[in-house]
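# Descriptive analysis of the structure
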Amino acid sequence: MPFEKTPGWLDWYAGPAKPTFQLPAGAVDAHCHVFGPGDEFPFAPERKYTPCDASKAQLFALRDHLGFARNVIVQATCHGADNRAMVDACIASQGKARGVATVRRSVTDDELQRLHAAGVRGVRFNFVRRLVDFTPKDELMEIAGRIATLGWHVVIYFEAVDLPELWDFFTRLPTTVVVDHMGRPDVTQPVDGPEFELFVKFMREYPNVWSKVSCPERLSVSGPRALGGEQAAYRDVVPFARRIVETFPDRVLWGTDWSHPNLNVDMPDDCLLVDLIPHSATTRYLQRSLLVYNPLRLYWPEEVK
Ligand code: 0GY
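Residues numbered from 1 in each chain as written. Predicted model: local features only at pLDDT ≥ 70, side-chain atom pairs only at ≥ 80, totals over all residues. Heavy atoms only, no water.

### What about the site of the ligand?
The condition that has to hold: Whether a residue is near a molecule or strand depends on its heavy atoms: it is near if one of them lies within 4 Å of it. Residues adjacent in sequence count toward polar contacts only when both atoms are side-chain atoms; beyond that, a polar contact is any pair of N or O atoms within 3.5 Å, and within protein one must be able to donate a hydrogen and the other to accept it. Surface exposure here means Shrake-Rupley accessible area, sampled with a 1.4 Å probe, where a residue is shielded only by the protein chains that are shown. All amino acids are sorted into three groups, where Ala, Val, Leu, Ile, Met, Phe, Trp, Tyr, Cys and Pro are nonpolar, Asp, Glu, Lys and Arg are charged, and the leftover types, Gly among them, are polar.
In the region of the ligand, 15 residues are neighbours, and His-33, Tyr-49, Thr-77, Arg-130 and Tyr-157 sit closest. Within the side chain of His-31, a nitrogen or oxygen atom sits 2.9 Å from an oxygen atom of the ligand. Here an oxygen atom of the ligand and a side-chain polar atom of Tyr-49 are 2.5 Å apart. When the ligand is considered free in solution it has 350 Å² of accessible area, and contact with the protein chains removes 100% of it. A per-class count over the shell around the ligand returns five nonpolar, five polar and five charged.

### Considerations on the packing of aromatic side chains
One pair of aromatic rings is described through two measures. These are the centre distance and the angle between the planes. Stated precisely, the cut-off is as follows: Between 30 and 60 degrees the pair is tilted, below 30 it is stacked and above 60 it is edge-to-face, where a pair is any two Phe, Tyr or Trp rings, Trp via its six-membered ring, whose centres lie within 6.5 Å. Helix and strand assignments come from DSSP, with helices taken as H or I runs of at least 4 residues and strands as E runs of at least 2, each series counted from the N terminus. Throughout, exposure labels follow a simple rule: accessible area from a 1.4 Å probe, protein chains only, divided by the maximum for the residue type, with under 20% read as buried, over 50% as exposed, and the rest as partly exposed.
For the coordinates displayed, the defined rule picks out 17 aromatic pairs. Measuring from ring centre to ring centre gives 5.0 Å for Phe-158 and Phe-170, while their planes differ by 45°; the resulting arrangement is tilted. Of this pair, Phe-158 sits in the loop between β5 (153-157) and α5 (163-172) while Phe-170 is found in helix α5, placing the two residues 12 residues apart along the sequence. Taking the relative accessible area as the measure of exposure, Phe-158 reaches 0% and is therefore buried. On the basis of relative accessible area, Phe-170 is assigned to the buried category, the value being 1%.

### Looking at the pattern of salt bridges
Applicable threshold: The term salt bridge refers to a side-chain nitrogen of Lys or Arg lying within 4 Å of a carboxyl oxygen of Asp or Glu.
Applying the stated criterion to the full structure yields 21 salt bridges. In this structure, Asp-109 engages Arg-146 in a salt bridge whose closest nitrogen and oxygen atoms are separated by 2.8 Å. Here Asp-109 is found in helix α3 (residues 109-118), whereas its partner Arg-146 is found in helix α4 (residues 137-148), with 37 residues between them in sequence. When its relative accessible area of 24% is taken as the criterion, Arg-146 is described as partly exposed. With a closest N to O distance of 2.7 Å, Arg-129 and Asp-162 form a salt bridge. You can see Arg-129 sitting in the loop between β4 (120-126) and α4 and its partner Asp-162 sitting in the loop between β5 and α5, a full 33 residues away along the chain. Take Asp-162: its relative accessible area is 11%, and that puts it in the buried class.

### Some thoughts on the side chain of Arg-218
Applicable threshold: Whether two residues touch is decided by their heavy atoms; if any such pair falls within 4.5 Å, the residues are in contact.
Tracing the sequence through the fold places Arg-218 in helix α7 (residues 216-219). Here Pro-261 takes part through its backbone oxygen, which lies 2.6 Å from a polar atom of the side chain of Arg-218. Setting aside residues no more than four positions away along its own chain, Arg-218 makes contact with Tyr-157, His-181, Arg-184, Asp-257, His-260, Pro-261, Asn-262 and Leu-263.

### Digging into the pairing of strand β2 (residues 70-74)
Rules: Here a strand pair is declared whenever DSSP counts at least two bridges between the two strands. When the strands point away from the viewer and the connection leading from the first strand across the helix to the second strand turns clockwise, the crossover is called right-handed.
Burial analysis of β2 places five of its five residues in the buried class, which makes it a mostly covered element. Neither face of β2 is exposed, since Arg-70, Val-72 and Val-74 on one face and Asn-71 and Ile-73 on the opposite face are all buried. Judged from the three bridges that link them, strand β1 (residues 28-32) and β2 form a sheet pairing that is parallel. Each residue of the ladder has a partner; that of Cys-32, found in β2, is Ile-73. For the crossover that starts at β1, traverses helix α1 (residues 56-66) and ends in the parallel β2, the hand is right-handed. Note that β2 and strand β3 (residues 97-101) share four bridges and pair parallel. Bridge pairing links Val-74 to Val-100 in β3.

What follows is the structure, given as structure tokens:
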């Protein structure tokens, strides 16, 4: 085996159950990853972790098992700016997957065109310090300007405490901006407390900002054990997701985050994550917006009349 997994690495959960929640037809898992396989698509030298393999075939099997129609595959930091594994998966999906890439300033226009042809519709800027080294903001802004001309958007990943410092940069981005995992709120704080209010203000004042209401398994302190009735798994995350879905129903996306990198405890059965959706998106209208209409508008706009 060419790559040794990071010590303590939790592998993704094999054999997920069937969700009880009936996904709407055409539902999109709009945040998931492929890792390697490492002997085919080597991990990047500058990576901060080495995952287990999570191949395109395994991702597509999960898609079909859970009842999704399509995926948006987000380039993970362990592959750096080498987008080959993600691109290979998009192409192999035969139109059922689109992608979000990581690119450097040195990327050529031809390469951007090749990524577009493969199905890429966005770039990801990552500000989570445990995952990446700092990229100068002028470099990121230059990339944003170039990909804007392709009609792509920027996905941003950051911790809630860093939003004030990043605000000016984010609000100058010239594209649609999609925030990963609701900006990673501290869910032990009140849902109407100052930290989450700042995030809501960000979305309210900047109509180009969207959010993924994803990753309860990362954000939760209460954890995955369902206690029955109102006591859903990851119940402490629900008020945050529900607030964003109900306040900005036309600017939200949902994803499994499979294969769940860097989870140190309680690797979820992805079925549990799907079954949490109706707690945050409580009507069929909200569920269709979250899972079908919104991701189509962003990733398959040619299909939206
Ligand atoms: C996620 C979250 C994480 C990792 C990455 O690209 C990545 O390495 O996104 C994380 O560790 O929080 O969205 O997959």
